[in-house]
Amino acid sequence: MRLTEFWARMRESFGPAYAESFARDHVMAELGGRTVMEALDAGWAAKDVWRGVCAAVEVPAHLR
């Protein structure tokens, strides 16, 4: 998954205004106690981060 697709899914799931805030501020056990931004900065693949987001919150099935 490319980062552009990852961010498109984040915006579609959380809304354009909240997606970046969620990615910056929400710490998830599924990402090893990291935020989305920290996981991406640490070199996690966008696909794996997206899977973590889907596991942490109720992302609609059509966006998974």
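See the structure above.
Thresholds applied
Numbering of residues starts from 1 in every chain and runs along the sequence as written. Owing to the predicted nature of the model, reporting of local features is limited to residues with pLDDT of at least 70; listing and counting of side-chain atom pairs is limited to 80 or more, with chain, interface and lining totals taken over all residues. Side-chain measures here rest on the full set of heavy atoms in the structure, leaving out hydrogens and waters. To form a nonpolar core, buried Ala, Val, Leu, Ile, Met, Phe, Trp, Tyr and Cys residues must be joined to one another through side-chain atoms within 4.5 Å. Summary of the burial criterion: residues with accessible area below 20% of their type's maximum are buried, those above 50% are exposed, and those between are partly exposed, where the area comes from a 1.4 Å probe applied to protein chains only. Under the scheme used here, helices are H or I runs from DSSP no shorter than 4 residues and strands are E runs no shorter than 2 residues, and both carry numbers assigned from the N terminus. Between Lys or Arg on one side and Asp or Glu on the other, a salt bridge is scored when a side-chain nitrogen of the former is within 4 Å of a carboxyl oxygen of the latter. It is the directions from the helix axis to the C-beta atoms that the arc portrays. Contact between two residues is taken to exist if any of their heavy atoms lie within 4.5 Å; hydrogens are not considered. A fitted line through C-alpha atoms represents every axis, and for helices the fit uses only the stretch in contact; the resulting angles, taken between N-to-C directions, go from 0 to 180 degrees. Any angle that falls under 35 degrees is termed roughly parallel, while one over 145 is termed roughly antiparallel, one within 65 to 115 roughly perpendicular, and all others oblique. Crossing handedness: left-handed means the near helix sits turned counterclockwise from the far one by under a right angle, and right-handed means the same turn made clockwise. Each residue gets one of three labels, nonpolar for Ala, Val, Leu, Ile, Met, Phe, Trp, Tyr, Cys and Pro, charged for Asp, Glu, Lys and Arg, and polar for the others, Gly among them.

Draft legend 1. Representation of the nonpolar core. Judged by nonpolar contacts, the single largest core of 19 residues is most densely connected at Phe-6, Met-10, Val-36, Trp-50 and Val-53. Of all the elements in the fold, those that place two or more residues in this core are α1 (3-14), α2 (18-25), α3 (36-41) and α4 (46-56). When residues of this core are assigned to their parent elements, the largest contribution, five residues, is made by α4.

Draft legend 2. Inspection of the pattern of salt bridges at higher detail. Inspection of every chain in the model, using the stated rule, returns four salt bridges. Two residues, Arg-24 and Glu-20, come together in a salt bridge whose shortest N-O distance is 3.6 Å. Within this pair, Arg-24 and its partner Glu-20 are both found in helix α2, separated by four residues, close to a single helical turn. Linked through salt bridges whose partners overlap, the residues forming this network are Glu-20, Arg-24 and Asp-25.

Draft legend 3. Fine view of α2. Restricting attention to buried positions, one finds in α2 the residues Ala-19, Phe-22 and Ala-23. Buried residues along α2 cover an arc of 95° about the axis, so they all sit on one side. On its buried face, α2 sits against α1, α3 and α4.

Draft legend 4. Just the packing of α1 against α4, in detail. At a minimum axis separation of 9 Å, α1 and α4 run at an interaxial angle of 15°. Viewed along their axes, α1 and α4 adopt a mutual orientation that is roughly parallel. Considering the relative orientation of α1 and α4, their crossing is left-handed. Contacts between α1 and α4 involve Leu-3, Phe-6, Arg-9, Met-10, Ser-13 and Phe-14 from the former and Ala-46, Val-49, Trp-50 and Val-53 from the latter. Broken down by class, the residue content of the contact of α1 with α4 amounts to eight nonpolar, one polar and one charged.

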